[in-house]
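# Structural overview for review
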Amino acid sequence: MVAKVMSQDDAYYTLGAEIHDTKAPAGPIEQKWPKRQFEAKLVNPANRRKLTVIIVGTGLAGGAAAATLGEAGYHVLNFCYQDSPRRAHSIAAQGGINAAKNYRNDNDSVQRLFYDTVKGGDYRARETNVYRLASVSANIIDQCVAQGVPFAREYGGLLDTRSFGGVQVQRTFYARGQTGQQLLIGAYQALERQINAGTVHMYTRHEMLELIVVGGRARGIVTRNMVTGAIETYLADVVVLGTGGYGNVFFLSTNAMGTNVTASWRAHRKGAYFANPCYTQIHPTCIPVHGETQSKLTLMSESLRNDGRIWVPKNPDDCTKDPRQIKEADRDYYLERIYPAFGNLVPRDIASRQAKNMCDAGRGVGPLVTETALDGTTQQRRRGVYLDFSEAIARLGKKGVEDKYGNLFDMYAQITGENPYETPMRIYPAVHYTMGGVWVDYDLETSIPGLYVIGEANFSDHGANRLGASALMQGLADGYFVLPNTINDYLASGPFEKVDDAPEVAEALAAVKTRTDKLLTIQGTRSVDSFHKELGSIMWEYCGMERTEEGLKIAIGKIRALREEFWSNVRVTGKNEDFNQALERAGRVADFLELGELMCIDALHRRESCGGHFRHESQTEDGEALRHDDEYAYVAAWEFTGDGSKPVLHKEPLVYDFIELKQRSYK
């Protein structure tokens, strides 16, 4: 094995106190969640309508939470920057949602889902939270069926399931290739019911730009009306963020164009710890980059790996040939060869790295892409591998494949102009999900009392790599079942004093106006998108699929210089008192420029490989991720200390009492 790097360079951060109290009860793991539910204080139904909850976000986590808390009788203010809650990014999820219902009678269980999730996250997830997620997973399916979500069914009427990466059972429930859309519609109709009942007040086209903290507690937000430009304050007794992940820091990702980190980052700057920011998921099944002017990448569902086989030519000279002309004996089905136990359904981080390895070895397919090395030299490589359905079509027939994946095949054909029924798809890894996020305890409360973070916006359940079909599971678990049971404990300490006249409210409002005015008055020569694209290039090159100490230090320097130029040379056209998308993007990119530096610092300090975080200096002899549990078995929770000051690293030790800590193997 490669020797681990023992040197320590704390030039970029300082160490703070360790975190030990996460509010998880003592006792057997299967009893922790029921015990916490029982011990949490309750709020009298008559008192709930006196309490106001702000929820930012209307995806599966935010929408489910708003609907559930509204149904419980709380006064809910729900915000989103889209023109409808139905346009939340959750709608883009394709493949399915996990649940331990064992419909296939293949020995699935809550314990197995728990184990698979911790192992899939490379033993860098908090054990207690993952077990809770697994234990409520079956309830999610029942809830969604009751809402009318049209899950696929077998001939006998039972819900159908399929496999996803990193597991050897079929626990993924699905609605063709549009599971996220169907689940979001279910949550949306529950939300709309509460809007009609008057318990939820919906604010669309409102973007959160600041968190209001009064007396050490989260008490409200500052928003910008994206249509009129009006900057407004909204106050409440508690604030919940369900605002998704930060993958768009890379510019090119599978995320919706508007996805951003601003809500989470504003909370971080006000005192909320940000955990494991370097844990980024690279999804192996995406349509490759096809041009310099491209602004978004497209995901092809992991479910395609159930029947599609991934391969590259054995001979680099065959890489330019029509794949249909390459004989079977000349194809390398490399995942099946390297990982015979899991084959094409290895976890995403492993499948992504192996695709990169094949292309690095000169056996990639597709057009040549020019790349720049650390020393400034350039080289050309083909960045693509084949996802082939010819065997599945021969086995199931074209109609059988179309019934399972038809909308995904149509999408691929529309984007690439190629017919995937006749020619293998070309795929390559791309930024998809972020496992890092705002640090939360067992109750999903942050280091700021009264601020809760749910869904992808928090860090809590996936460790260093998320298993496919677990994002929808976590979002709905947090929104429908976890948060409504834990937030009561905080709200029961009310009623809370009025803070309308608190100076912190006026200060937060003034800070947003000052920041907005500054962005509009710089009047430099570079567009917002040019800065975002350059930042994305830095992040992908140095903090993407493979990281090195040298590269990360280069990246930090480049990001600092780019951020300095941004605040002196960005050009934001238009005015605030209007619909101004350039202004919206400028604020988001400004936050990405700060987040990008912290991501690189986090990746630099973690001198091990785990899941999606792959340090070149820490790998086994056969190129697998090599963890160092004696040094890095902890959550890295970062505290903001001011502009220009080093962040403070707080370590939350990860203790595994119910799962054996060992190196992953999918062979």
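Residues numbered from 1 in each chain as written. Predicted model: local features only at pLDDT ≥ 70, side-chain atom pairs only at ≥ 80, totals over all residues. Heavy atoms only, no water.

So, on to the overall build of the protein chain. Helix and strand counts for the protein chain stand at 16 helices and 23 strands. Compactness check: the protein chain gives a C-alpha radius of gyration of 24 Å against a globular reference of 26 Å for 667 residues, within 12% of the reference. Here the C-alpha coordinates of the protein chain stretch approximately 75 × 60 × 50 Å along the principal axes. At a minimum sequence separation of 6, the contacts of the protein chain that also span at least 24 residues come to 74%. Accessible area of the protein chain: about 24,700 Å², with a carbon and sulfur share of 48%. (Helix = DSSP H or I, 4+ residues; strand = E, 2+ residues; numbered from the N terminus. Rg over C-alpha atoms; globule rule 2.2 N^0.38 Å. Contact = heavy atoms within 4.5 Å. Areas by Shrake-Rupley, 256 points an atom, 1.4 Å probe, with all protein chains shown as cover.)

This part is about the sheet that holds strand 7 (residues 200–203). Strand order in the open sheet formed by 5 strands is 7-3-2-11-21, with parallel pairing between adjacent strands. Here the strands that pair on one side only, and so sit at the sheet edges, are strand 7 and strand 21 (451–453). Going from strand to strand, the sheet's axes swing by 20° on average, the running direction of each strand aside. Docked against the sheet, helix 3 (residues 60–72) engages strand 2 (52–56), strand 3 (75–79) and strand 7, running at close to 165° with respect to strand 2. (Pairing = 2+ DSSP bridges. Axes fitted to C-alpha atoms, helices over the stretch in contact; angles between N-to-C directions.)

Turning to the pattern of salt bridges, a few remarks are in order. Per the stated rule, a full pass over the model turns up 61 salt bridges. When the shortest N-O distance is used, the salt bridge between E328 and R309 registers 3.8 Å. Of the two residues, E328 sits in the loop between strand 14 (309–313) and strand 15 (331–332) while R309 sits in strand 14, which places them 19 residues apart along the sequence. Residue class for E328 comes out partly exposed when judged on its relative accessible area of 47%. Three or more residues joined by partner-sharing salt bridges are found here, namely D122, R124, D349, R353, R606, E608, R627, D629 and R664. (Salt bridge = Lys/Arg side-chain N within 4 Å of Asp/Glu carboxyl O. Buried < 20%, exposed > 50% of the residue type's maximum accessible area, 1.4 Å probe, protein only.)

Tracing the chain through its elements places Y12 in the segment before strand 1 (14–15). Residue class for Y12 comes out buried when judged on its relative accessible area of 15%. Sequence separation between Y12 and C600 is 588 residues, and the spatial gap between their C-alpha atoms is 10.0 Å.

Across the protein chain, the average pLDDT comes to 95, with 99% of residues at 70 or higher. For the stretch residues 1–7, pLDDT sits under 50, and the model shows 16 contacts to residues farther than four places along the chain or on other chains. (pLDDT = per-residue confidence, 0-100.)

With that settled, the discussion passes to the sheet that holds strand 20 (residues 437–438). By definition, the strands of a sheet pair up through backbone hydrogen bonds, in either a parallel or an antiparallel sense. One open sheet accounts for 5 strands, arranged 1-23-22-12-20; its pairing is mixed. Where the open sheet ends on each side, the last strands, each with one partner, are strand 1 and strand 20. As judged from the 6 bridges shared by strand 22 (residues 634–639) and strand 23 (residues 648–653), these two strands associate in the antiparallel manner. Pairing of Y634 across the sheet is with P653, part of strand 23. Contacting strand 12 (274–275), strand 22 and strand 23, helix 15 (residues 581–605) runs over the sheet at an angle of about 145° to strand 22.

Moving on, we get to the packing of helix 12 (residues 503–521) against helix 15. At a closest axis distance of 10 Å, the pairing of helix 12 and helix 15 adopts a crossing angle of 105°. Judged by the angle between their axes, helix 12 and helix 15 are roughly perpendicular. Contact residues: helix 12 offers R515, T516, L519 and L520, while helix 15 offers L583, A586, G587, A590 and D591. A breakdown of the residues in the contact of helix 12 with helix 15 according to their chemical character gives 5 nonpolar, 2 polar and 2 charged. (Parallel < 35°, antiparallel > 145°, perpendicular 65-115°, else oblique. Nonpolar A, V, L, I, M, F, W, Y, C, P; charged D, E, K, R; others polar.)

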